[in-house]
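So you can see what is in the structure, the chains are spelled out below.
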Amino acid sequence: MSVQNTVNRSPKAAGEPARSEKDPAAPATSRKSRNGPALVIVESPAKARTISKYLGSGYIVESSLGHIRDLPSKAAEIPEEYKSEKWAKIGVNVDEGFKPLYVIPLKKRAQVKKLKQLVKQASMLLLATDEDREGEAIAWHLKEVLDPKIPVRRMVFDEITESAIREAVRNPRDLDSQLVDAQEARRILDRLYGYEVSPVLWRKIGPKLSAGRVQSVATRLIVDRERERMQFRPAEYWDVEAVLQSAAERVLCKLIELAGQRVAGGKDFDPQTGRLNAGADVRLVDQALARSLADRLAGVAFTVESVTEKPFTQRPNPPFITSTLQQEASRKLRFGVQHTMRIAQSLYENGYITYMRTDSTHLSQQAISAARKQAGDLYGRQYLPDAPRHYATRSKGAQEAHEAIRPAGEQFRTPREVEGSLSADEFKLYDLIWKRTLACQMKDATGWRTTVRFSAPAGEHGTAVFSASGKVITFDGFLRAYVQGADEGEAEDQEMVLPPLKQGDALKPEKVEPRQHTTLPPARYTEASLIKELEERGIGRPSTYATIISTIQDRGYVWKKGTALVPTLTAFAVVNLLEKHFEDLVDFGFTAKMEDDLDLIASGRLRSTPWLHDFYFGSSKTGNGHKDLSHVGLKRRISSGGADIDPRAISTIPLGTDENGQTVAARIGRFGPYFQIGDTDQRANIPDDIPPDELSVALAKELLSRSTQGPKVLGHDPSSGKPVYVKNGRFGPYVQLGDPEVTEKGTLKRGGKPRMASLWPSMKPETLTLEDALKLLSFPRTLGTHPETGAIITVQDGRFGPYVKMGNETRSLASHEQLSTLTLEEAVALLAQPKLRGRGAARQQQPAIEVGKHPDSGAAILLKQGRYGPYVTDGVVNASLPKGFQPAELTLGKAVELLAAREQRLREQGIDPRVPRKANRRSAARRSRVTAQG
């Protein structure tokens, strides 16, 4: 696997499984192109445009459009000369030093061809991909595929500003072979894991499932939390709250002790039994006792027993790294992690922030000086500490050589200065990063925390002790700029002021009330809290978290209920299988150790090939304190771990027993999850929107009872005499008029399908009447004809809700009830309103608005209204405005970014938008006829 130890040949063919022995950054020479411009290659067109503005005419800046080659993703990508090899499907020759089989995907070949032509004209090649392991690997792949005969150097920077880019050009470095080794080891490991384990899931659970080194562990965390919720037993406890009247203001306090014994709270109960923890020396207050105490204390004086004041100091949080930015954007802005990373990528590529994939909290001296100067100018010198703050990276296994995420440049632009050039979401994220960066260089916040204990006689119950707490900030410090958000279930530390009180003061109760409490199950993970958990356990890397969370949702392992991540029963089955038969692969310690090993490879202290050999084939090692796959090997586990897997057992979640002692269970079947009692054929589908912790024997019996009742006859249609049924279907309850009409052979007659209609959201099958059913079956309803065109106007209930229709024109209705009440005049008025989005919509005729001139081509960029909504165009490329983005917010910078992103997507599909469509089709046909070339 080492760069220096592989076969000495350049991979001319797309699938050649080799890596060059020569130094990846050793400059070659060529007299022919010595006088040409320098070629700079980056990953994206937006990044290329920004950098080209700073470099001038002596440089050509071009994009690679991301990775230009990878392991084959499908059989069609495997070159003919390797298809007979037994390892070709995996794409890794495990018997020959784990040599990867790299191919250039069809959609990237046009760009590779373009880059090769540019290399021939250049005097030097500067590989300016991101400065992390993945960026290093992309740079190495570019060098191997382009095979330049000119000097090749690595150009690295943390921010895209003129000074940073010019500094990077002046100080290039060599390619880092150890970083390339680490990234390749990661890619190969993930391929072996996914391609060997996923087929087991297909055979034992269902198709289209996948396993992954980090995604499976993340899924296990979510499933484990749901198991805790399923085992949770709520407990009830009571306390007493009192509102006391002081000379200055009211004081809210709560009962904490009774007769010298602490009163039980939520933390004193066992979450699995709902009982008090064994050995807990606490007094359980029930409803009767709470009411009795409230009555006793309503008329007695509360005496201040003690007043305790303690000073506190609150330090600012470190500047953002990738994971903390994702968490805070989720908490404060309600952004999903994928959205956060897309916005951050755009801010970075357009020169607003530093590189957004980092696990280092380090700030350069330039950044510290900029933050301190701006904080002092905006808030005053009294907010600056005497010395700059420096933060040690706490992220487990942090390895990237970047700064923290901060505003770019030697002088930070304030949010007000950039607001006009950013979209709404870009502005929100920039504002968050700017505030956090300034706050990290400001003084601590200071204040006092006060706790007051009150005592009151409670008759035969003894002395009751109440407590009230307050917090006063005396110097806001960094809080002037930034306040940290809180995860769901965590209370933010708010400032609370208590009136001046001293020992012996007597206060009269204004109100004393008993309060009921119920213990709550552990909160489900949100995207933010899952990232926090993964990071604390050292699993995965900040740059991968967004992809992980997206993948487990796309695979059907997780769905979102609000912001909470809820596992599906499929996720339970997958985790059951992996825990019982491949325990090491979802062991948290083992997964974290793999990350540590990859760090060792990146630092040169561990060789990748022996490490991969131990993982795949096994060794004599026994691990170092936790479960370790290396002594067994993945291959042996796969070959011996499939035959003894019972698909029914791993896909079953027992819920309890019925009155006959039969097991009631939730199971995963071919057509989705269902309830079953014992081994009977009695089954009932489980609705998709029911979380696993709400599954119960009672719910199973209710749904099973409905499924056995069959369709209910509500009556008969007066006009046709046919029966009217109410049924339960896969997509919910519905009504049906009559039965299917079939031929003598049992096939459905033409036109023999009965009429059906879904119930409205306000209707329930149990209370549905024949009149209701006939009303549902009466739609579509004809309202009349349009007074001007004569076209027929109807109201209908469709897949996306109720609507009015005239020819190809449709308009949505606000509610289902309007289907019955809408008049012809109201429908005509509704249809007269413009509809800016949707297929067949009536477009509002608006003139095109010129946004500005394209900075590269000089072409006019226009904002237009199209069939599917507003879009921008430069005359060649059209790009729709994002959903929710208002045309009034559009800036020239945003328009250029949208066009660049659209052009990049087209190029990734093998389409050159700058070439006529016929030429694109001819080119695609020609590429499909030729053998893949490197």
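Residues numbered from 1 in each chain as written. Predicted model: local features only at pLDDT ≥ 70, side-chain atom pairs only at ≥ 80, totals over all residues. Heavy atoms only, no water.

Caption draft 1: Summary view of the overall build of the protein. Along its length, the protein carries 25 helices and 31 strands. If you take every contact in the protein between residues at least 6 apart in sequence, the share linking residues at least 24 apart comes to 67%. As presented, the protein carries roughly 45400 Å² of accessible surface, and 49% of it is formed by carbon and sulfur atoms. (Helix = DSSP H or I, 4+ residues; strand = E, 2+ residues; numbered from the N terminus. Contact = heavy atoms within 4.5 Å. Areas by Shrake-Rupley, 256 points an atom, 1.4 Å probe, with all protein chains shown as cover.)

Caption draft 2: Geometry of the packing of aromatic side chains. Tallied over the full model, the rule gives 13 aromatic pairs. When the centroid spacing of 5.9 Å and the interplanar angle of 55° are considered together, the rings of Tyr-82 and Trp-87 count as tilted. Under the relative-accessibility criterion, Tyr-82 is labelled buried at 13%. An angle of 65° between the planes, with centres 5.3 Å apart, marks the rings of Tyr-348 and Tyr-355 as edge-to-face. Taking the relative accessible area as the measure of exposure, Tyr-355 reaches 2% and is therefore buried. Taken together, the ring pairs in this structure connect Phe-98, Tyr-616 and Phe-617 into an aromatic cluster. In this structure, Lys-727 packs its charged tip against the face of Tyr-725, placed 5.4 Å from the ring centre. (Phe/Tyr/Trp six-rings, centres within 6.5 Å; stacked < 30°, edge-to-face > 60°. Buried < 20%, exposed > 50% of the residue type's maximum accessible area, 1.4 Å probe, protein only. Lys NZ or Arg CZ within 6 Å of the ring centre and 35° of its normal.)

Caption draft 3: Geometry of unusual backbone geometry. Each neighbour pair has its own omega, and for Phe-779 with Pro-780 the value is 5°, a cis peptide bond. The topology assignment puts Pro-780 in the loop between helix H21 (770–777) and strand E24 (781–785). Located in the positive-phi region is Leu-65, a residue other than glycine, with phi close to 60°. Inspection of the secondary structure puts Leu-65 in the loop between strand E2 (59–63) and strand E3 (92–93). If you check the backbone angles, Asp-147 has positive phi at about 45° while not being a glycine. Among the secondary structure elements, Asp-147 is positioned in the loop between helix H3 (133–146) and strand E6 (152–154). With a relative accessible area of 15%, Asp-147 lands in the buried category.

Caption draft 4: Representation of the environment of Asp-476 within the structure. Following the sequence through the fold, Asp-476 ends up in the loop between strand E12 (463–475) and strand E13 (506–518). Of the residues examined, Asp-476 reaches a relative accessible area of 26% and is grouped as partly exposed. Only 2.8 Å separates the side chain of Asp-476 from the side chain of Tyr-383, close enough to count as a polar contact. (Polar contact = N/O pair within 3.5 Å; in protein donor to acceptor, adjacent residues only side chain to side chain.)

Caption draft 5: View of the pairing of strand E11 (residues 445–457). With 11 bridges joining them, strand E10 (residues 302–314) and E11 adopt antiparallel strand pairing. Pairing of Ser-306 across the sheet is with Arg-453, part of E11. Of the strand pairs in this sheet, E11 and E12 are connected by 12 bridges, and their pairing is antiparallel. Each bridged residue has a counterpart across the sheet, and for Arg-449 the counterpart in E12 is Lys-471. Linking E11 back to E12 in an antiparallel pair, the connection comprises five residues, with Gly-459 at a positive phi of about 65°. (Pairing = 2+ DSSP bridges.)

Caption draft 6: Representation of the sheet that holds strand E30 (residues 869–873) within the structure. The strand order across the open sheet built from four strands is E28-E29-E30-E31, with neighbouring strands paired in antiparallel fashion. Two strands in the sheet have a free side with no partner beyond their single neighbour: strand E28 (849–853) and strand E31 (878–880). Looking at each pair of strands side by side, their axes are set apart by 30° on average, direction ignored. Note that E28 and strand E29 (residues 860–866) share four bridges and pair antiparallel. Within the sheet, the bridge partner assigned to Lys-853 lies in E29 and is Ala-860. (Axes fitted to C-alpha atoms, helices over the stretch in contact; angles between N-to-C directions.)

Caption draft 7: Main features of the confidence of the model for the protein. For the protein, per-residue confidence averages 85 on the pLDDT scale, and 87% of positions sit at 70 or higher. When the criterion is pLDDT under 50, residues 1–33 qualifies, and its contacts beyond four places in sequence or with other chains add up to 105 contacts. Across residues 918–934, where pLDDT falls below 50, the model places 17 contacts with residues more than four positions away in sequence or in other chains. (pLDDT = per-residue confidence, 0-100.)

Caption draft 8: Examining the environment of Glu-460 more closely. Within the fold, Glu-460 resides in the loop between E11 and E12. Remark: the alpha-carbon pair of Glu-460 and Leu-293, spanning 167 residues in sequence, is separated by 9.8 Å. Engagement of the side chain of Glu-460 in a polar contact is seen with the side chain of Arg-296, the distance being 2.5 Å.

Caption draft 9: Summary view of the sheet that holds strand E17 (residues 663–669). Here four strands make up an open sheet; going across it, the order is E16-E17-E18-E19 and the pairing antiparallel. The strands lining the two open edges of the sheet, one partner per strand, are strand E16 (652–657) and strand E19 (683–685). Strand-to-strand twist in this sheet, taken as the mean axis angle between neighbours without regard to direction, amounts to 25°. Where strand E18 (residues 672–677) lies against E19, three bridges are found, and the strand directions are antiparallel. Within E19, the residue paired with Phe-675 across the bridge is Ala-684.

Caption draft 10: Fine view of the pairing of E24. Direction of pairing for E24 relative to strand E25 (residues 792–798): antiparallel, over a ladder of four bridges. Residue Gly-784 lies in a different strand from E25, and its bridge partner there is Ile-793. If you look at the hairpin formed by E24 and E25, you'll find six residues sitting between the two strands, and Gly-790 has a positive phi there, around 80°.

Caption draft 11: Broad picture of the nonpolar core. Formed by 141 residues in total, the largest nonpolar core has its most connected members in Leu-192, Ile-353 and Phe-675. Ranked by the residues each element gives to this core, the list is headed by helix H5 (residues 177–204), at 11 residues. Setting aside residues no more than four positions away along its own chain, Leu-192 makes contact with Ile-90, Val-92, Val-94, Phe-98, Phe-615, Tyr-616 and Leu-634. If you look at the next biggest cluster of nonpolar residues, it comprises 28 residues, including Cys-253, Leu-255, Val-263 and Phe-454. (Core = buried A, V, L, I, M, F, W, Y, C linked by side-chain atoms within 4.5 Å.)

Caption draft 12: Broad picture of the packing of helix H8 (residues 322–333) against helix H13 (residues 527–537). Relative to each other, H8 and H13 sit at 160°, their axes nearing to 8 Å. With respect to each other, H8 and H13 are oriented roughly antiparallel. In this structure, the crossing between H8 and H13 has a hand that is left-handed. For the pair formed by H8 and H13, the contact residues are Ser-323, Gln-326, Gln-327 and Ser-330 on the first element and Ala-528, Ile-531, Lys-532 and Glu-535 on the second. (Parallel < 35°, antiparallel > 145°, perpendicular 65-115°, else oblique. Left-handed = near helix turned anticlockwise from the far one by under 90°.)

Caption draft 13: Region of the structure containing the pattern of salt bridges. As enumerated under the stated definition, the model contains 49 salt bridges in all. Taking the shortest distance from any N to any O, the salt bridge between Glu-43 and Lys-47 comes out at 2.9 Å. For the salt bridge of Glu-136 with Arg-173, the shortest nitrogen-to-oxygen distance reads 2.8 Å. Here Glu-136 is found in helix H3, whereas its partner Arg-173 is found in the loop between helix H4 (162–170) and H5, with 37 residues between them in sequence. When its relative accessible area of 21% is taken as the criterion, Arg-173 is described as partly exposed. Within this structure, Arg-186, Asp-190, Arg-213 and Glu-595 form a network of salt bridges that share partners. (Salt bridge = Lys/Arg side-chain N within 4 Å of Asp/Glu carboxyl O.)

Caption draft 14: Examining the side chain of Asp-717 more closely. Relative to the elements of secondary structure, Asp-717 occurs in the loop between strand E20 (712–716) and strand E21 (723–729). At 7.0 Å, Arg-755 is the nearest oppositely charged side chain to Asp-717, a buried residue that forms no salt bridge. Residues within four places of Asp-717 in sequence aside, it is in contact with Lys-722, Val-724, Leu-737 and Leu-774. (Lys, Arg positive; Asp, Glu negative; His and termini not counted.)

Caption draft 15: Highlighting the packing of H13 against helix H14 (residues 545–554). As a packed pair, H13 and H14 sit with axes 11 Å apart at the nearest point and diverge in direction by 120°. Classified by the angle their axes make, H13 and H14 are oblique. Both H13 and H14 take part in a crossing whose hand is right-handed. Taken together, the residues of H14 that come into contact with H13 (itself represented by Glu-527, Leu-530, Ile-531, Leu-534 and Glu-535) are Tyr-545, Ile-549, Ile-552 and Gln-553. Looking at the contact of H13 with H14, its residues break down into six nonpolar, one polar and two charged. (Nonpolar A, V, L, I, M, F, W, Y, C, P; charged D, E, K, R; others polar.)

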